[in-house]
Amino acid sequence: MAQEQVIRRIVVIGTGLIGASVALAMREQGAEVLLSDRDGSALELAVRLGAGAALPPEGPGEPADLAVLAVPPAAVAPVLLDAQKRGLARVYTDVASVKALPLAAAAELGCDLTTFVAAHPLAGSERSGPAAARADLFLGRTWAVCPAAETDPAAVALVEELVRSCGAVPLRVEAAEHDRAVALVSHAPHVVSAAVAARLREADEVALGLAGQGVRDVTRIAAGDPRLWVGILAANARPVADVLEEVATDLALAAALLRDGGESAMEHVRDLLSRGNAGRARIPGKHGGRQSRYAVVPVLVQDRPGELALLFQAAGVAGVNIEDVTIEHSPGKPVGVVELSVEPAAAGRLAEELRARGWSVPG
């Protein structure tokens, strides 16, 4: 295989959010895509959405250039073994969010690891299934590539070509290091989000009526499919447990200090909050650089079609680039507040343009 390759034909096994999104992205690149899924209804929907054609029971005929295994971590090894026995492709990769366990299981089953490249796109959504799939899901996102020691370099190059074809950026990383990293930045945060959201089950109507953007932000990812997440957490259990124990220690200490309530105790709570500020500031910002401090321009809007389009149009007329957008709805009312994050020097210009067009801009 050459270093620069065109992927003309791929097989995607698993037509959930990630698998169907890979299929849609590769269809846009002109590749022939064959789809397979144990869930007949999911497969049928993916085909109807234009993600590809159903893989014939007898296989693709000639092996495809690449097969993408879009299945849960525990299923990667047996699905890989079956696909290799059927000769579905020349090279195989997966998209599971855990890497060490599937690689070890594949080796134990006797899979050919020279043609398998473990990988993981750092993209997704709290929604699942082919209906949530998008061809642009991976644009600008990091895609971890975790080859085993015996993996053929040419196979790695082909998978990295897939990554670039989907609009993502490949990053080579060792499997165990990958798993420790995602435990910290993805898997443990999901459990923490679920723990906060679980407190809302018994919340009264007053508390729910007062729910604002803070609790919505913290609990957004808790909407993920529990069945999917049980598989992810089980496959990366020890690294996730390590992070959760550290978080639990901080929370238990904060609870004890808050019950104490003394001035010294609150200084320790302040330390936790300050450490949180420092950690949050280390998350890469736009274009992967340091996070920028933006000015926020709040705008009161009506909940009706076209309002956001008019806001963005006004920003364009003012020559202001919108860096981020959040929307906070007013419960029970047909209005909400849109917060537009912009460069500080542009905030006044944007506010002036919006007011001139009749928008209510506080401040």
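Preceding block: the structure.
J.: Can you break down the packing of aromatic side chains residue by residue, with the values?
T.: Geometrically, a pair of aromatic rings is defined through the distance of the ring centres and the angle of the planes. Within the structure shown, the criterion is met by one aromatic pair. For the ring pair Phe138 and Trp143, a centre distance of 5.0 Å and an interplane angle of 45° mean the geometry is tilted. Of the two residues, Phe138 and Trp143, both sit in the buried class.

J.: Describe the sheet that holds strand 10 (residues 324-329), listing the residues and the values that go with them.
T.: One open sheet accounts for three strands, arranged 9-11-10; its pairing is antiparallel. Looking at which strands have only one partner, the edges of the open sheet turn out to be strand 9 (295-302) and strand 10. The average undirected angle you get between the axes of adjacent strands in this sheet is 20°. The pairing of strand 9 with strand 11 (residues 335-342) spans eight bridges and is antiparallel. From the neighbouring strand, Ala295 faces strand 11, where its bridge partner is Val342.

J.: Mind laying out a nonpolar patch on the surface, listing which residues take part and the relevant values?
T.: A grouping of Leu308, Phe312, Val325 and Ile327 is seen on the molecular surface, where their side chains present a nonpolar patch of about 270 Å² in accessible area. When contributions to the nonpolar patch are tallied by element, the ones reaching two or more residues are helix 12 (307-317) and strand 10.

J.: Can you lay out the pairing of strand 5 (residues 89-94) for me, pointing to particular residues and giving the numbers?
T.: For strand 5, the tally of buried residues reaches five of six residues, placing the bulk of the element in the interior. As defined by bridge partners, strand 4 (residues 64-69) adjoins strand 5 across five bridges and the pair is classed as parallel. Within strand 5, the position partnered with Leu69 by the bridge is Asp94. The handedness of the strand 4 to strand 5 crossover, carried by helix 3 (residues 73-86), is right-handed. Here strand 5 pairs with strand 6 (residues 116-121) via two bridges, running parallel. In the strand pairing of strand 6, Thr93 is matched with Val117.

Calculation criteria
Residues numbered from 1 in each chain as written. Predicted model: local features only at pLDDT ≥ 70, side-chain atom pairs only at ≥ 80, totals over all residues. Heavy atoms only, no water. Phe/Tyr/Trp six-rings, centres within 6.5 Å; stacked < 30°, edge-to-face > 60°. Buried < 20%, exposed > 50% of the residue type's maximum accessible area, 1.4 Å probe, protein only. Pairing = 2+ DSSP bridges. Helix = DSSP H or I, 4+ residues; strand = E, 2+ residues; numbered from the N terminus. Axes fitted to C-alpha atoms, helices over the stretch in contact; angles between N-to-C directions. Patch = residues over 30% accessible without salt bridge, like charges linked within 9 Å, V, L, I, M, F, W, Y side chains within 5 Å. Areas by Shrake-Rupley, 256 points an atom, 1.4 Å probe, with all protein chains shown as cover. Salt bridge = Lys/Arg side-chain N within 4 Å of Asp/Glu carboxyl O. Right-handed = clockwise from strand over helix to strand, strands pointing away.

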